[in-house]
Each structure stands twice: as structure tokens, then as C-alpha cells.
Amino acid sequence: MKKIINKIKEKDIDVILMLIYIISLITFQYALEAVDEMWNFANVFKMANGYRIYTDLNAIVTPIFFYIGKILLSILGKNYFIFRIYNIIIYLVLFMLIFNLLKQLKIERRRRIAVIFVLCYILKGVILTGANYNILVIIPIIMILILLTRKNDNPMILSTLNMITFLIKQNVGAYLAIGIFIYYFINKNNIKEKIKNIVIFLIIFLSEATMFLTILVVNNSLDGFINYAILSICEFGRFNINGEICAVSYLIIVIILDIIQIYLINNQNISINQEIKDNTKTFLSIGIPMLLMSYPIFNYAHVAIAVLVSEIGIVYFINNTLIDELKINAKKEKMIYICFIIILIIKVTSESMNIIKYIDEFYYTKDFNSPYFGVLIKKERYQNLKRITAYIRKNNENGTEVKVLSADAGLYSTYLCKNNKNFDLPFLGNLGKDGEEGLIQEIQQLKNTKILIKTNEEDVFWQESKKVRKYIKDNYEKEGTIEDFDIYNIQK
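Keep in mind that what you see is a predicted model, and the values were worked out from it rather than measured.

If you had to explain the overall build of the protein to someone new, which residues and values would you point to?
Across its full length, the protein carries 23 helices and eight strands. By the compact-globule yardstick of 23 Å for 492 residues, the protein fits well, its C-alpha radius of gyration being 25 Å. Viewed in the frame of its principal axes, the protein has a C-alpha envelope of about 75 × 55 × 40 Å. Out of the 492 residues in the protein, the part that is buried amounts to 54%. Long-range contacts, defined as pairs at least 24 residues apart, comprise 75% of the intrachain contacts of the protein with a sequence gap of at least 6. For the protein, the exposed surface amounts to about 22,800 Å²; the carbon and sulfur share of it is 62%. Positive and negative side-chain charges of the protein, numbering 55 and 44 respectively, have mean locations separated by a distance of 8 Å.

Account for the packing of aromatic side chains, with residues named and values stated.
Counted according to the given criterion, the structure contains 33 aromatic pairs. With centroids separated by 6.4 Å and ring planes inclined at 45°, the aromatic side chains of Phe41 and Tyr372 adopt a geometry described as tilted. You can see Phe41 sitting in helix H3 (residues 36–48) and its partner Tyr372 sitting in the loop between strand E3 (362–364) and strand E4 (376–378), a full 331 residues away along the chain. This pair shows no difference in class: Phe41 is buried, exactly as Tyr372 is. Ring centres of Tyr91 and Phe95 lie 6.1 Å apart, and the angle between their planes is 35°; on these two criteria the pair is classed as tilted. Of this pair, Tyr91 and Phe95 both sit in helix H5 (residues 80–104), four residues apart, roughly one helical turn. Over the face of the ring belonging to Phe99 we find Arg112, whose NZ or CZ atom lies 4.7 Å from the ring centre. One Lys or Arg, Lys403, reaches over the ring of Phe423 and ends 5.5 Å from the middle of that ring.

So what's going on with helix H15 (residues 245–266)? Which residues, and what values?
Given a rise of 1.5 Å per residue, 22 residues ought to cover 32 Å, and the 32 Å separating the end C-alpha atoms of H15 matches this to within 8%. For H15, the full list of buried residues reads Ala247, Tyr250, Leu251, Val254, Asp258, Gln261 and Ile265. Here the buried residues of H15 occupy an arc of 95° about the axis, which is enough to place them on one side. Every exposed residue of H15 that faces more than 90 degrees away from the buried side is listed here: Ile245, Cys246, Ile259 and Tyr263.

Before we move on, could you go through helix H20 (residues 379–397) and cite the residues and values that matter?
With 19 residues, H20 extends 27 Å between its outermost C-alpha atoms, agreeing within 8% with the 27 Å of an ideal straight helix rising 1.5 Å per residue. Restricting attention to buried positions, one finds in H20 the residues Arg381, Tyr382, Asn384, Leu385, Ile388, Thr389, Tyr391, Ile392 and Asn395. Gly399 occupies a position one or two residues after H20 and carries a positive phi of about 85°.

Outline unusual backbone geometry, listing residues and values.
The linkage connecting Tyr295 with the following residue, Pro296, adopts the cis geometry, with an omega of 5°. With respect to the element layout, Pro296 can be found in the loop between helix H16 (274–290) and strand E2 (297–298). Phi angles above zero are rare outside glycine, and Tyr54 is one such case at about 75°. One can find Tyr54 in the loop between H3 and helix H4 (64–76).

Before we move on, could you go through the environment of Ser159 and cite the residues and values that matter?
Mapped onto the fold, Ser159 is located in helix H10 (residues 155–168). Residue classification places Ser159 among the buried positions, given a relative accessible area of 0%. A C-alpha to C-alpha distance of 9.7 Å links Ser159 and Ile144, two positions 15 residues apart in sequence. Not counting chain neighbours up to four residues away, the residues in contact with Ser159 comprise Phe201, Ile204, Phe205 and Glu208.

How would you explain the pattern of salt bridges if you had to name every residue and give the values?
Following the criterion strictly, the structure yields 16 salt bridges and no others. For Glu483, the salt bridge is made with Arg387, and the minimal N-O distance between the two is 3.1 Å. With Glu483 in the loop between strand E7 (477–482) and strand E8 (485–490) and Arg387 in helix H20, this residue pair connects regions lying 96 residues apart in the sequence. Looking at Glu483, the relative accessible area reads 36%, which means it is partly exposed. Classification of Arg387 by relative accessible area gives partly exposed; the value is 45%. For Lys478, the salt bridge is made with Asp486, and the minimal N-O distance between the two is 3.3 Å. For Asp486, a relative accessible area of 6% corresponds to the buried category. Here the salt bridges do not stand alone but share partners, grouping Glu33, Arg381, Asp408, Lys454 and Asp484 into one network.

Before we move on, could you go through the nonpolar core and cite the residues and values that matter?
Counting 137 residues, the largest nonpolar core has Leu19, Phe65, Phe95, Ile142 and Tyr372 as the members making the most contacts within it. Filtering out sequence-adjacent residues up to four positions away, Leu19 remains in contact with Ser24, Leu92, Phe95, Met96, Ile116, Phe117 and Cys120. Formed by 15 residues, the second largest nonpolar core is a distinct cluster that contains Leu405, Phe423, Ile453 and Ile472.

Break down the packing of helix H2 (residues 13–28) against helix H19 (residues 330–353) for me, with residues and values.
At a closest axis distance of 9 Å, the pairing of H2 and H19 adopts a crossing angle of 30°. Looking at the two axes, H2 sits roughly parallel to H19. Judged by the twist between their axes, the crossing of H2 over H19 is left-handed. Only Ile341, Leu344, Ile345, Val348, Thr349, Ser352 and Met353 of H19 make contact with H2, whose side of the interface consists of Met18, Tyr21, Ile22, Leu25 and Ile26. Residue composition of the contact of H2 with H19, grouped by class: 10 nonpolar, two polar and no charged.

Cut-offs and rules
Residues numbered from 1 in each chain as written. Predicted model: local features only at pLDDT ≥ 70, side-chain atom pairs only at ≥ 80, totals over all residues. Heavy atoms only, no water. Helix = DSSP H or I, 4+ residues; strand = E, 2+ residues; numbered from the N terminus. Rg over C-alpha atoms; globule rule 2.2 N^0.38 Å. Buried < 20%, exposed > 50% of the residue type's maximum accessible area, 1.4 Å probe, protein only. Contact = heavy atoms within 4.5 Å. Areas by Shrake-Rupley, 256 points an atom, 1.4 Å probe, with all protein chains shown as cover. Lys, Arg positive; Asp, Glu negative; His and termini not counted. Charge placed at Lys NZ, Arg CZ, Asp CG, Glu CD. Phe/Tyr/Trp six-rings, centres within 6.5 Å; stacked < 30°, edge-to-face > 60°. Lys NZ or Arg CZ within 6 Å of the ring centre and 35° of its normal. Expected span 1.5 Å × (residues − 1). Arc of directions from axis to C-beta. Salt bridge = Lys/Arg side-chain N within 4 Å of Asp/Glu carboxyl O. Core = buried A, V, L, I, M, F, W, Y, C linked by side-chain atoms within 4.5 Å. Axes fitted to C-alpha atoms, helices over the stretch in contact; angles between N-to-C directions. Parallel < 35°, antiparallel > 145°, perpendicular 65-115°, else oblique. Left-handed = near helix turned anticlockwise from the far one by under 90°. Nonpolar A, V, L, I, M, F, W, Y, C, P; charged D, E, K, R; others polar.

Written out as C-alpha cells, the structure reads:
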């Protein structure tokens, strides 16, 4: 029995199983709503049904996240359940990479496990938001940290991983490149070697970028990519600046701790092992540029992801300069960690099981062929979904188009296996280079169409264009209402 237990520990099977359990419980406890998870699912689902990113869909980031999702849905099933499996895979890979990074840094197993589950708890709210490019993009970054802490800074390998990061989310790829350049400058004494590494890095990166652009040209997607993933970014940053006090405070605390580390490793009067200094410099080089990921939406989810590399670096620094010096009793420490993990498992389990008390308030889709198979839907939301989609179908049969202009739009178009491009995600920063003016021009071109907008101004999602909403109300006749929408008629 002891041999089996040791084998399980050696392969980290116990950690993997616990993570799968916790991540799965968190992932599947969330009911269907118009949030990031649904918007990302809608684009992946549409791609699995033949629509093309940038040409048919207004995605504003580089495409790897969506293509991986498309492959999974195309092979395993085009539904929400499979998309949530995608979420579990992303987090499992991320946490196990972090676990192995800490192992490489010679942090004791009990502490590695504790760190992973603390991060799991910190990121609980992010896990709830579903499969997301913002978390997938951290995976190649952790892989780079594993290489750099092994003293493997081959510019060809780093450049390729940087390109993968760029292809998941373009701005993070740029932040990472800055971090790698900083790493080269502070870790290489020879100026010629610094320049040589950066030049090789740039040559490989530009070669791979050229290949990516060539693929876009071949697929007739280059114009769409430039329109949505590049030219719409200015509008996104200008109109979507938002924040939460607790999230901004969290970010400030991490920045202060990073500054303290910089001071300590550069203070000649403080004795710190050179290896610890080098590894800390590596984390700071990559981690500080990553803090820019929190801009422009400074909410908990964005900040928690942005500070992740810095947090790992802080854990490493504290472990090797403070905790190791305290000579903590290993058995007592292990018991504390076991108690924490048990409490976390009980808490997550109880929160998930708590849904059972209100199960009568939910509808569960059992049809595997439905886009929403495997997800709980509040009965009120389900009735709303059925009535709005029935209304759209009836009008379509009579030759009239229906466009829902709302954060909820993707709920209905996905259920109907339809695509309305900008109308399905009408957010400032998601509308291409022409922004809200371009959307108004699209509306002006519509014929024999009904547009649905939220009746109550307070129900309008904060990223939606108020200007477009006002244009519709000022220029078209209100025909009536359905559910929580006003109906405006466009006849030409």
C-alpha cells in the first residue's frame, strides 16, 4: 500500500485528482447567463458551425483560443458541456505547470500543494467565468518561466513561445516581449550577447508573424483581423476604463511587494543567495509587464490574472528568504496545509451542493444536440429564451429579420444557430475601426427588420453603446414589447 501511495505522490496523481474535482465543481455550478463564458462559447460554437473568425465574427483577439475550442467542439460535441470541459483542461494544465515550476525551484511538496490550492481559491471567481483566452495565455508564460529558471534562455525557443502567447492574445504577447527584453538586459553582462539574443528573438518572431499574416491572407481574413483585433483596440481602451476598489487595492499591494523585492535584491547590506536574486529578477522581469493585463477593466478577474506571475515570484522570494529561516516544524506545517485543503474542498463542495436547495428554480438541458446541453438555466431565463427565439423564428418565416441589440443577443442567436456578427456582441471596442458610428451605418442599411433593445435603461450592459441605442429610439417607430425588450420596426 505504501508503494502505491508513494507512486501516486511521485506522479502527483493526488494533486491532479483534487484539482479536477475542485475545478469541475466550480465550473459546473454556474447557471447560463450573458457573461464572458457565454460570449466566448458563442464565437467558438459559431466557428464549429462553419463561421469564420474576423470575417463573420467580431472577435477582438488573436485566434488560438477560438481554434482550440472549435476543434474540441467539432470532435466531442457542439455544446456548453464540452466548452466547460475546455475550461477544466485549461486550468488543470495551468495549475500543474505552476506546480512543476515550484518543484523546479526546490519548494517543498507540501508548500507547492498549498500554493496551488490557495491560487485555486484566489482564482475561483475567474474559473466561474469559464474558458477564456485571458487565462489560456498564461500557460506559455509559465512555460517560459520554467525555461528561464533552468537558465535556458535560448532566444529561438523564447521567441516561439512568445509568438504562441501573441496568437492567444496580442497585447499580452507584446507585454511578454518587453519582459523577455528586460530579462536579457539584466541577466547578460556582455552587451554583444544582449544584442545578439534580442536580434535572434526578433528575427524568429517576425518570421513567425509573417507566416501568421500569410495564413490570414490565404483565408481572406487579414482585413477583418486588422479591423477587429488591431484598429478597434483604441476604442476598447478609451471607452471601457472601469474598476473596482478591492481589485485596484489588490493590484497596488502586489506592486508594493514587487518594489520591496527590487529594493531587497539590490541592497548590498542585505545578504541574499545569488540564485535567489537571479530567480527573483526573472520573475520581476516577466511579472511586472504582465500587470498591464489589468488595463483597462480593473475588476477582480482581470487583476487576479495580471498579478499571477508576480504572486508566484513573491511566494518564491518569501519561501527562500523568510520561511526557510524560521525552521518551521514540518509535521505541524503539513497539518495546517491539509486542514486548509480539506476546508477548501468542503467549502467548494457545499457551495456547489447548495444549488440542490434551489434546483426547482433551474432547467437542465438534457438534449446533447442542444447548444446549451450540460448547463443549468434559471427557469425564468429559459422561458425568456424560448419566447424570444420563437418570436424570431416566426418573423423569419414571414420574411422579416430580427436583430437583438443587447449583451443578451448571443444567447438567442446561439440557440437558433444563427450569426448576427456585430449585433451579437455590440460592445464598444468590439465593433471594428468604425466603432459605434459603423454600427449605426449598418442599422441604416437594414430593410424589413425588427430591432430589439432593452426596455429598461438600467438593464443595459455598461459596455453597450448608448449612442446606438439613442439613434434607434430617435429614428424608428416602437411597435411594442416582448419580454424585457422594446421592438422597433425598420421598413424600407
